[in-house]
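A structural walkthrough
These are the residues of each chain, in order.
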Amino acid sequence: MPAHAYRYALPKFLYTQHNVRRYGFHGTSHAYVSERGSELAGSYKHGGWLTAHLGNGSSTCAIWNGQSVDTSMGLTPLEGVVMGTRSGDVDPSIHSFLASNLGWDIYKIDKMLNSESGLLGLSDLSNDMRTLIEASEQGNEDATLAIEVFCYRLAKSLAALSCGLPRIDGLFFTGGIGENSAYIREKTIAYLPHFGFNLSKEQNDGLKRGTEGRIDAGTGPQIWVIPTDEEGRIAKETVHVVEHEVQQAAKKPESDIATA
Ligand SMILES: Nc1ncnc2c1ncn2[C@@H]1O[C@H](COP(=O)(O)OP(=O)(O)O)[C@@H](O)[C@H]1O
Ligand SMILES: CC(=O)OP(=O)(O)O
Ligand SMILES: [Mg+2]
């Protein structure tokens, strides 16, 4: 990520002396999905792609030529989009507001933002998207609003991250919600009318659980569902590190290894 994407507009010493910056999370998923997706699209690690990892924790990422250029999570996984129990972005002055008005301490506020907010907080019902979709279908207005906020804020995050890309070749959905909910995918795309996305309702609704597939109608940026493989990616990167270590050790004279 470039510094203009990872630096917070905070006093410099917090970065230089205390490493306060945006780091991002779900990196193994965004890396796997963008590589696999761009490979299926015929442009392996080329072009500009957006990824939406939507699970219990959710985040978005912008990738240019195989490199992450921006992402929605920050110093911690709390920043960014609405999640199962995390609020995502809020006005940071909510801390002083709640401290002054309700007498809450910092730990209570942090717990509320991480464990009692998001879909659970909005709906006052559940952090589970399946439960909320069912409740919404049965007329639960809080569940309906929670879903709407989730999709709107997700679209808003994708639109913001697009600023990091010279062009948008496409969007990949992944994670439990992204892989399995045609409804959430459709609602999210509907909030991005200026990007020229053209979702195929038939392909979107027809995609079978756990399968990868393209769901746009052939015009505008591509849209794909790519089931993530975080475990496979972690295994692959572990092998890479071990192989590198073995190669380095093989280069050292035996006397060095014996005394190391
Ligand atoms: N068919 C579905 N429709 C909507 N949401 C779904 C569906 N299947 C799974 N989900 C949602 O996926 C989320 C869990 O995603 P997952 O990636 O498994 O989580 P984790 O981040 O814990 O790995 C839950 O909110 C769950 O309701
Ligand atoms: C960082 C994070 O939210 O992880 P998970 O999706 O596993 O909850
Ligand atoms: Mg997961």
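The rules we used
- Residues numbered from 1 in each chain as written.
- Chains lettered and ligands numbered in written order.
- Predicted model: local features only at pLDDT ≥ 70, side-chain atom pairs only at ≥ 80, totals over all residues.
- Heavy atoms only, no water.
- Patch = residues over 30% accessible without salt bridge, like charges linked within 9 Å, V, L, I, M, F, W, Y side chains within 5 Å.
- Areas by Shrake-Rupley, 256 points an atom, 1.4 Å probe, with all protein chains shown as cover.
- Salt bridge = Lys/Arg side-chain N within 4 Å of Asp/Glu carboxyl O.
- Helix = DSSP H or I, 4+ residues; strand = E, 2+ residues; numbered from the N terminus.
- Axes fitted to C-alpha atoms, helices over the stretch in contact; angles between N-to-C directions.
- Parallel < 35°, antiparallel > 145°, perpendicular 65-115°, else oblique.
- Left-handed = near helix turned anticlockwise from the far one by under 90°.
- Contact = heavy atoms within 4.5 Å.
- Nonpolar A, V, L, I, M, F, W, Y, C, P; charged D, E, K, R; others polar.
- Pairing = 2+ DSSP bridges.
- 1 Å grid on protein atoms, 1.4 Å probe; cavity = no way out; pocket = protein on both sides within 12 Å on 5 of 7 lines; lining within 4 Å.
- Points joined across faces, edges and corners; volume = space filled by probe spheres on them.
- Near = heavy atom within 4 Å.
- Polar contact = N/O pair within 3.5 Å; in protein donor to acceptor, adjacent residues only side chain to side chain.
- Sits in = over half its atoms within 2 Å of the grid points.

**Regarding a nonpolar patch on the surface**
- On the surface, Y23, F25 and L75 cluster together to form a nonpolar patch covering roughly 260 Å² of accessible area.
- Secondary-structure assignment places Y23 in the loop between helix 2 (12–16) and helix 3 (27–40).

**Observations concerning the packing of helix 8 (residues 141–161) against helix 10 (residues 182–190)**
- Axis separation between helix 8 and helix 10 bottoms out at 8 Å; the angle between their running directions is 55 degrees. On the basis of the axis angle, helix 8 is oblique to helix 10. In terms of crossing hand, the pair formed by helix 8 and helix 10 is right-handed. Note on element contacts: helix 10 touches helix 8 through Y183, I184, K187 and T188, opposite I147, E148, F150, C151, L154, A155 and L158.
- Tallied by class, residues from the contact of helix 8 with helix 10 come to 8 nonpolar, 1 polar and 2 charged.

**A word on unusual backbone geometry**
- One non-glycine residue, K45, lies in the positive phi region at around 55 degrees.
- Tracing the backbone shows K45 in the loop between helix 3 and strand 1 (48–54).
- In this structure, N65 takes a positive phi of about 45 degrees despite not being glycine.
- Among the structural elements, N65 can be located in the loop between strand 2 (58–64) and strand 3 (67–71).

**Re the sheet that holds strand 6 (residues 222–225)**
- Pairing is mixed across the open sheet formed by 6 strands, whose spatial order is 3-2-1-4-6-5. Looking at strand neighbours, the two that pair on one side only are strand 3 and strand 5 (213–214), the edges of this open sheet.
- Across 7 bridges, strand 1 lies against strand 2 in antiparallel orientation. Bridging across to strand 2, L50 finds its partner in A62.

**Description of the layout of surface pockets**
- Size it by volume and the largest pocket reaches roughly 450 Å³.
- As for the largest pocket, its lining consists of 14 residues, and the residues nearest its centre are Y8, L78, E79, P92 and H95.
- Class assignment for the residues of the lining of the largest pocket results in 7 nonpolar, 3 polar and 4 charged.
- What the second largest pocket holds in volume is close to 380 Å³.
- Of all the secondary-structure elements, those providing two or more residues to the lining of the second largest pocket are helix 7 (129–137) and helix 9 (175–180).

**Looking at the site of ligand 1**
- As a structural note, the neighbourhood of ligand 1 is formed by 14 residues, with N56, D128, M129, R130 and G176 the closest of them.
- At 3.1 Å from an oxygen atom of ligand 1 is found a main-chain nitrogen or oxygen belonging to R130.
- At a separation of 2.9 Å, an oxygen atom of ligand 1 approaches a polar backbone atom of G176.
- Calculation on ligand 1 without its partners gives an accessible area of 580 Å², and the protein chains cover 71% of this total.
- Among the detected pockets, ligand 1 sits in the second largest pocket.
- Where the shell around ligand 1 is concerned, the elements lending two or more residues are helix 7 and helix 9.
- Considering each element in turn, the shell around ligand 1 owes the most residues, 4 residues, to helix 9.

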